[in-house]
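# Examination of the molecular architecture
Read off the chains here:
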Amino acid sequence: MMKLCEALEVVALHRGQRIVVATMSAAGEWPKWSDTPLDFIYIPSAMGQAPSLGLGLALAQPERGVLVLNGDGCTLMNLGCLVTLAHHPANVFLLIVENSLYEVTGGQPTAGAGRVDFAALAKAAGIERVYRFDRADAWRGGAAEALSGPGPVVVSLQVEGRIGQKTPKAPRPMSEQIARLRGGLGFTPS
Ligand SMILES: [Mg+2]
C-alpha cells in the first residue's frame, strides 16, 4: 500500500504536458502538486464520468493526451467506461486510485472491496496496457513505462484509505475552470 500523496507525487513527475483530470479523493490533493490551466479539477462532478470526459478530451487533442485520476468507487459507478476506452483507442491514461472506500462521502467500504480486481476488469474489457502497483517504490520504478507510449492505459494504484476526510472543494468555479482549460489548450475566449 502507498499513501495517496506518494502516488500523486509520481504522477506529477511523469505527466509532461498532458491534461490531468482529477476527481474524488485525488481532486482534493492534486492542486498541491500541480495547478496549471491543464489541470482540471472535476468538482462538482458527475460521479463516474471523469474517464468519459478524459476520452473526449483525448480524442479532440490526440497529440496531447490525458491522465485521469479516478477513484475505485467512481470507477464502479461507470464500469462501462473500460469497454468504451478499449473501443475508441486514444491517449487516455486512467489511473484508478484504489482505497476500497467511498472516501469523500465519509469512508464507507466500496462494493466488492478486497475482491474486485480492476486491472483484470480492464484487461477483460479489451485494454491491452494495464498495470498494477501496490507499493510506492514499485510505482516510482514503473511509472515512466506505464505513463508513456500510446493509450489507452489503465493503472491500478493501491493506496491507503483515509477515514474522516472532508469533501474536496473546487479550487475555482467550474465556468472558470473550463475557460482556463480552453486557454491552456490554445483556444481564445469566446
Ligand atoms: Mg475510493
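All of the points below concern the structure found in this document.

Quick notes on the rules
Residues numbered from 1 in each chain as written. Predicted model: local features only at pLDDT ≥ 70, side-chain atom pairs only at ≥ 80, totals over all residues. Heavy atoms only, no water. Helix = DSSP H or I, 4+ residues; strand = E, 2+ residues; numbered from the N terminus. Buried < 20%, exposed > 50% of the residue type's maximum accessible area, 1.4 Å probe, protein only. Contact = heavy atoms within 4.5 Å. Pairing = 2+ DSSP bridges. Disulfide = S-S within 2.5 Å. Axes fitted to C-alpha atoms, helices over the stretch in contact; angles between N-to-C directions. Parallel < 35°, antiparallel > 145°, perpendicular 65-115°, else oblique. Left-handed = near helix turned anticlockwise from the far one by under 90°. Nonpolar A, V, L, I, M, F, W, Y, C, P; charged D, E, K, R; others polar. Donors = N, O, S within 2.8 Å, 3.2 Å for Na, K, Ca; no water. Right-handed = clockwise from strand over helix to strand, strands pointing away.

All right, on to the side chain of N99 then. Along the chain, the position of N99 falls in the loop between β4 (92-98) and β5 (101-102). A residue is classified by how much of its surface remains accessible, and N99, at 8% relative accessible area, is buried. When neighbours within four sequence positions are excluded, N99 is seen to be in contact with S25, D72, V159, E160 and G161.

Across the six residues that make up strand β3 (residues 66-71), a large majority, six, are buried. Where burial is concerned, the two faces of β3 agree: the one with V66, V68 and N70 and the one with L67, L69 and G71 are both buried. With four bridges connecting them, strand β1 (residues 19-22) and β3 associate as parallel partners. Each bridged residue has a counterpart across the sheet, and for V21 the counterpart in β3 is V68. As judged from the six bridges shared by β3 and β4, these two strands associate in the parallel manner. Paired with N70 across the bridge in β4 is I96.

Attention now goes to the state of the cysteines. Two cysteines joined by a covalent bond between their sulfur atoms form a disulfide. A full pass over the atoms with the stated rule returns zero disulfides. C5 takes part in no disulfide bond, and the closest cysteine sulfur, belonging to C74, lies 19 Å away. What makes C5 partly exposed here is its relative accessible area of 35%. In this structure C74 is a free cysteine whose sulfur lies 8.6 Å from that of C81, the closest cysteine sulfur available. Given the relative accessible area of 2%, C74 is considered buried.

The next point concerns the packing of helix α1 (residues 4-14) against helix α2 (residues 24-33). Look at α1 against α2: their axes get within 10 Å of each other, and the N-to-C directions meet at 55°. Judged by the angle between their axes, α1 and α2 are oblique. Between α1 and α2 lies a crossing whose hand is right-handed. Of the residues in α2, those in contact with L4, C5, L8, E9, V11 and A12 of α1 are S25, A26, E29, W30 and W33. Residues of the contact of α1 with α2, tallied by class, amount to eight nonpolar, one polar and two charged.

Next up on the list: the coordination of the magnesium ion. For a metal bound by four donors in a tetrahedral arrangement, the ideal donor-metal-donor angle is 109.5 degrees, while six donors in an octahedral arrangement ideally sit at 90 or 180 degrees. On the protein side, the magnesium ion has D72 (OD), N99 (OD1) and L101 (O) as donor atoms, found 2.1 to 2.2 Å from it. For the magnesium ion, the single-chain donor residues occur in sequence as D-x26-N-x1-L. Considered together, N99 and L101 belong to a single accessibility category, that of buried residues.

With that settled, consider the pairing of strand β8 (residues 153-158). Burial within β8 is extensive, with six of its six residues counted as buried. Neither face of β8 is left uncovered, since the one carrying V153, V155 and L157 and the one carrying V154, S156 and Q158 both have all their residues buried. When β4 meets β8, the two strands line up parallel, connected through six bridges. Counted as the bridge partner of V97 is L157 from β8. As paired strands, strand β7 (residues 129-133) and β8 are joined by five bridges and run parallel to one another. Bridging from a neighbouring strand, R132 pairs with S156 of β8. Where the polypeptide runs from β7 across helix α7 (residues 136-146) and back to β8, its parallel neighbour, the crossover connection is right-handed.

By themselves, these observations are geometric and do not establish any function.
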